[in-house]
Amino acid sequence: MRVTELRETAIEIKNLWKKYKIYQDKPATLKERFLFRTRGVAQEKWVLKDVSLSIPKGKMVGFIGRNGSGKSTLLKVMTGILRPDKGEISVEGKVSSLIELGAGFHMDFTGRENIYMNASIFGLTRREIDRRLESIIQFSELGNYIDNPVRTYSSGMFMRLAFSIAINVDPDILLIDEILAVGDNAFQKKCISQIEALKQQGKTIVLVSHDNGVMERLCDEIYWMDNAVMIKHGNPHEIIQEYLDFLTTSEEQRLQSEARQKEESAVPVERSAESTVENQGLDQTTEQKRWGNNAVVIQETSIINPLGENRFIFQKGQPIDIEIIYKVNQPDVQRPVFGIGIFKMDGTLCYGSNTYIDKVPVTLHETGKVVCRIESLSLVQGDYYVNVACHHEDGTPYDYITRALTFRIHSKEDDIGIAYIPHKWII
Amino acid sequence: MMIARLLDDWKAVYRYREFLKNTVAKDLRTRYKGSILGFLWTFVSPLLMLVVYSTLFSVIIRMPVDHYPIFLFCTLLSWNYFSSAVQSSSSIIVASGNLIKKIYFPLEILPISVVTGGLINYLYGLIILIPALVLYGYYPNIHYLWLPVIIAIQFVFTLALAFLFSALTVFFRDLEHILSIVLMAWLYLTPVLYPVSLIPEEYQYLFGLNPMSVIINSYRDIFYYNQAPDSSLLVFGILAVGLLVLSHAYFSKVKFRFVEEI
């Protein structure tokens, strides 16, 4: 291999712009065309704004970004399905795209016939397909099913066949859009190792995925897109980290504004002994229930981070305060207990405790604040809700609120379960 | 510059020839899907058509023509090829929306596959036609050598219209329905069902301007009248190639907008 070849680019994009026309109500018939001479109200939306990039041959490059940020459009421009409105794109070599697996499959044809059909869509000749047939069938693990009509396949079998074809057409450039969720775990691993093998062979690979772990592991470079604009690119680890931080911040803002809206639109509910409040802000399944004799009323609850800010999203292991503001309605409340319970969204209790269990004496004022300080919120990634309560030592509820709070844990690790159990591996 | 681009388009079609072949084969295979006779319909349907037309026109409506069923049948098949290819090509881009949004391939393949599939079907029809001719005493003759030329010219002309209408229908969906009326009228304005001699003298020149008259008369010349086609066929052949280049140029110019329009 010559040195110059190493520097060659597979895909070069310069100042590329792409817009979609969005017709409010598109007149495509004669009558409408004559009635409204203008072609409906066409709104233009730029889906790619001044994107420039250069992907060297033999590299694996990933695109990350939120839904609608323009990643898939960019991939479609690379395949040639879409043509840019402005700017230049040059693509060197045969492109195979795994944008939509199984597009063009014919349900009544057998797997084998579909291999011929589908591989030819990628521009292969009969002989080229003949040569690859065995490896495609083998890779798909379909065995004898290959001669059954595709309509008899399970969705997993279908995807496996489609993936096997797309990956075996021997492209110079492989474009993959969010399709690594193919088949079962074992097959996914096989796909990823096949992609790695292609990378070893010097193929250029462009990957769009929301699986940041895979992206970080496989890619040489990551491009981060947001809102039709290329934000930045570079080292996978750094870009993904920055992207995740960005996501956390923007999601935080979204949840807060949602919560604010909810508060504004919430009709004040007359508290009864048992009232149900539909709470649709965070989760549709959330159904707040509240009961008690109102001797003590919980007026406000919040989760506070160490900076004193009210938040919805927390990092695993972060310290938090759960604050309960109460008001006493009856002067002679006996032996009050404050408690909290943290649940996974599916209702699994992760942890619960109260002042009685922890042997903390409670003295009530007319109004006051009780704080449950958690030094390290060692929960795994996911959504949780919190029940809070004030009740008598014997269990008689003064005020009991389920799903009083909701929060989300973000984590860099993908560990599973409920709580993080501190551990290390000794090998 | 533009010529080079058009040539590139054709090169791409050639590279994707296997896909073209498979698409045509799929269309032919699935056309009679689920029917009992299946592929046999390719032969049965022209045969039944022959029976219907010959009964109708030789028993009920008398035409001043010898062996009317043969007179009709030797051109009706080619007309049906033309009209059904034009009709179905007009909707082919829209109907393939799902595919073209997802996978890149030269979009020219779509109209080409429709016209080619129709051609193959027509060739099968000839397998019925030629024995029928023999049965009526019209034997194959030296002028049959013109047959590939006529078919080629018809193919080019049909493809030219297929490029044009498949592209136009994307932007203007009514065209598909308008075409079916136009094609019906076109049939009656073309000497398929009747001999040219039935046309009043003063209108004959108008029929000379109808490209399909040239094709139809050429078929009838070799099959029925046992004579070489009129030289206007070759003139028309050149025009058809010109038309194909133009309509493909239009198709090629607007094809990048298809994905966004459907």
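What you see is a predicted model, and the numbers here were worked out from it, not measured in a lab.

> Can you tell me about the pairing of strand S7 (residues 204-208) of chain A, naming the residues and giving the values?
Residues and elements named next belong to chain A. Among the five residues in S7, five count as buried, and that is most of the element. With burial as the criterion, each face of S7 is covered, one bearing Thr204, Val206 and Val208 and the other bearing Ile205 and Leu207. Pairing geometry for strand S3 (residues 60-64) and S7, over four bridges, is parallel. Note on S7: the bridge partner recorded for Met60 is Ile205. Where strand S6 (residues 173-177) lies against S7, five bridges are found, and the strand directions are parallel. Paired with Ile176 across the strands is Leu207, a residue of S7.

> For the pairing of strand S16 (residues 349-354) of chain A, give the residues involved together with the corresponding values.
Here strand S15 (residues 336-344) of chain A pairs with S16 of chain A via five bridges, running antiparallel. Opposite Ile342 of chain A, over in S16 of chain A, you have Tyr351 of chain A as the bridge partner.

> Break down the sheet that holds strand S5 (residues 95-98) of chain A for me, with residues and values.
All names here are of chain A. Taken together, the six strands give an open sheet; going across it, the order is S5-S6-S7-S3-S8-S9, and neighbouring strands pair in mixed fashion. Two strands close off the open sheet at either side, each with one partner strand: S5 and strand S9 (229-234). Taking each pair of neighbouring strands and ignoring which way they run, the sheet shows an average axis angle of 15°. Taken together, the four bridges between S3 and strand S8 (residues 221-226) define a ladder with parallel strand orientation. When the sheet's bridge partners are listed, Val61 is paired in S8 with Glu221.

> Describe the environment of Thr249 of chain A, and please don't skip the residues or the numbers.
As for its position among the elements, Thr249 of chain A is in helix H9 (residues 236-265). Overall, the presence of 11 C-beta atoms within 10 Å leaves Thr249 of chain A in the exposed class.

> Tell me about helix H12 (residues 232-261) of chain B, and name the residues and values.
Residue and element names in this part refer to chain B. Taking 1.5 Å per residue, 30 residues should reach 44 Å; H12 reaches 40 Å between its end C-alpha atoms and fits that length. Along its length, H12 reaches its greatest deviation from straightness, about 50°, at Lys255. Listing the buried residues of H12 in full gives Phe236, Gly237, Ala240, Leu244, Ser247, His248, Phe251, Ser252, Lys255 and Phe258. On its buried side, H12 packs onto helix H1 (2-15), helix H5 (92-95), helix H6 (97-100), helix H8 (147-171) and helix H11 (211-223).

> I'd love a proper account of the domain arrangement of chain A, names of residues and values included.
One frequently used descriptor of interface size is the decrease in accessible area upon assembly of the parts. Domains assigned within chain A are domain 1 (3-247) and domain 2 (290-410). Measuring from the centre of the C-alpha atoms in domain 1 of chain A to the corresponding centre in domain 2 of chain A gives 48 Å.

Rules behind the numbers
- Residues numbered from 1 in each chain as written.
- Chains lettered and ligands numbered in written order.
- Predicted model: local features only at pLDDT ≥ 70, side-chain atom pairs only at ≥ 80, totals over all residues.
- Buried ≥ 20, exposed ≤ 12 C-beta atoms within 10 Å, placed from the backbone.
- Helix = DSSP H or I, 4+ residues; strand = E, 2+ residues; numbered from the N terminus.
- Pairing = 2+ DSSP bridges.
- Axes fitted to C-alpha atoms, helices over the stretch in contact; angles between N-to-C directions.
- Expected span 1.5 Å × (residues − 1).
- Bend = angle between axes of the 7 residues up to and from the residue.
- Contact = placed C-beta atoms within 7 Å.
- Domains from an automatic or database assignment.

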